[in-house]
Amino acid sequence: MPQTDAPDTGDEPRYRERPVSFARRSGRMSDGQERAWNQLGDFYNIPVERDQAVLSVRPGSEVDPAALFGRSAPLVVEIGSGQGHAIVAAAQAAPETDFLAVEVFRAGLARTMLDADRAGVRNLRLVEANAPEVLEHLLPAASVDELWIFFSDPWHKTRHTKRRLISPDFTPLAARVIKPGGVLRLATDWEDYARQMREVMGDAAGFAPAFDGEWAPRFEGRVMTAFERKGIAKGRDIRDLAYRRIDAA
């Protein structure tokens, strides 16, 4: 999207004309979240080398997931983890798998690490950064077993739909990090966004549908969050999609 969190330095921010995974909003952490950030951040947070913007990732700053987690294990990445309800529950249910939460709102990340610590979850790490840059610069190629994007901002006003994360510019970044045979999972409660996602992914090189029919069944690994319940309460259908990473050739 055109929006950026870069300071006015006179240089063009790297992602000014490309989608980012967030809209800038102000927010303040509670005292408990501040304590969680300061006390638990050394374990859960992944340090990020920045580029021009506050939430950017410097090219060439790739990390080694095995070094981050201290083991080699399947890796699941969630983009837009919010307050972490889904990924903390998933990490607790699958201790044999490693999980990475990508989020730009520090208060949400603080809540995530607080809940993870209370639950004794140790197979989870967090990164505070713009998701497309995480996929392009931070994660190694073919390092992710599953990539989850649940209820990303639908930008439902017609003039804003170009800001949606799932776009032709995004799919090569997803294809870069997902292992052959790995899965991209999507969910939204906005019908027009669901149809756009399906259209974009239908044209995306390196992906094939991992479902039959019009929509994928609800992903059993996604816990029912307050956000999803809110969409259902408003009468919106939840649409799931899933795509398997294949050889583009």
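Residues numbered from 1 in each chain as written. Predicted model: local features only at pLDDT ≥ 70, side-chain atom pairs only at ≥ 80, totals over all residues. Heavy atoms only, no water.

- An unreviewed UniProt entry lists the chain under the name tRNA (guanine-N(7)-)-methyltransferase, with Microbacterium paludicola as the source organism.
- For the record of the chain, the UniProt heading Sequence similarities (unreviewed entry) holds the text "Belongs to the class I-like SAM-binding methyltransferase superfamily. TrmB family."
- Taken verbatim from the UniProt record of the chain, the Catalytic activity (unreviewed entry) comment is "guanosine(46) in tRNA + S-adenosyl-L-methionine = N(7)-methylguanosine(46) in tRNA + S-adenosyl-L-homocysteine". (UniProt positions renumbered as here; feature names shortened; annotations may be inferred.)

**Some points on helix 5 (residues 131–138)**
Side chains three or four residues apart in an α-helix point the same way, a direct result of the helix having 3.6 residues per turn.
Reasoning step 1: Most of helix 5 is tucked away: seven of the eight residues are buried.
Reasoning step 2: At its buried positions, helix 5 is contacted by strand 1 (75–79), strand 2 (98–103), strand 3 (124–128), strand 4 (144–150) and helix 6 (171–177). (Buried < 20%, exposed > 50% of the residue type's maximum accessible area, 1.4 Å probe, protein only. Helix = DSSP H or I, 4+ residues; strand = E, 2+ residues; numbered from the N terminus. Contact = heavy atoms within 4.5 Å.)

**A few points about the pattern of salt bridges**
Reasoning step 1: Taken as a whole and assessed by the stated rule, the structure comprises 18 salt bridges.
Reasoning step 2: Of the charged contacts, one joins Lys179 and Asp145 as a salt bridge, the two residues approaching to 3.2 Å between their closest N and O atoms. Remark: Asp145 occurs in strand 4 and Lys179 occurs in strand 5 (residues 178–188); sequence separation between them is 34 residues.
Reasoning step 3: You can call Lys179 partly exposed: its relative accessible area is 29%.
Reasoning step 4: Across the salt bridge formed by Glu214 and Arg198, the nearest N and O atoms sit 3.6 Å from each other. Remark: Arg198 occurs in helix 7 (residues 191–202) and Glu214 occurs in the loop between strand 6 (207–209) and helix 8 (226–233); sequence separation between them is 16 residues.
Reasoning step 5: A residue is classified by how much of its surface remains accessible, and Glu214, at 42% relative accessible area, is partly exposed.
Reasoning step 6: Judged by relative accessible area, Arg198 falls into the partly exposed class, the value being 24%.
Reasoning step 7: Sharing partners across several salt bridges, the network here consists of Glu191, Arg195, Arg198, Glu214, Asp237 and Arg239. (Salt bridge = Lys/Arg side-chain N within 4 Å of Asp/Glu carboxyl O.)

**Focus on the UniProt feature "binding site: substrate" (unreviewed entry) in the chain**
Reasoning step 1: As recorded in UniProt, the sites labelled "binding site: substrate" (unreviewed entry) are Lys157, Asp189, Thr225, Ala226, Phe227 and Glu228.
Reasoning step 2: With respect to the helices and strands, Asp189 occurs in the loop between strand 5 and helix 7.
Reasoning step 3: Excluding anything up to four places from it in sequence, Asp189 contacts Phe151, Gly231, Arg236, Asp237 and Ile238.
Reasoning step 4: Looking at the secondary structure, you find Thr225 in the loop between strand 6 and helix 8.
Reasoning step 5: Take Thr225: its relative accessible area is 15%, and that puts it in the buried class.
Reasoning step 6: Excluding residues that lie within four positions of it along the chain, Thr225 makes contacts with His85 and Ala86.

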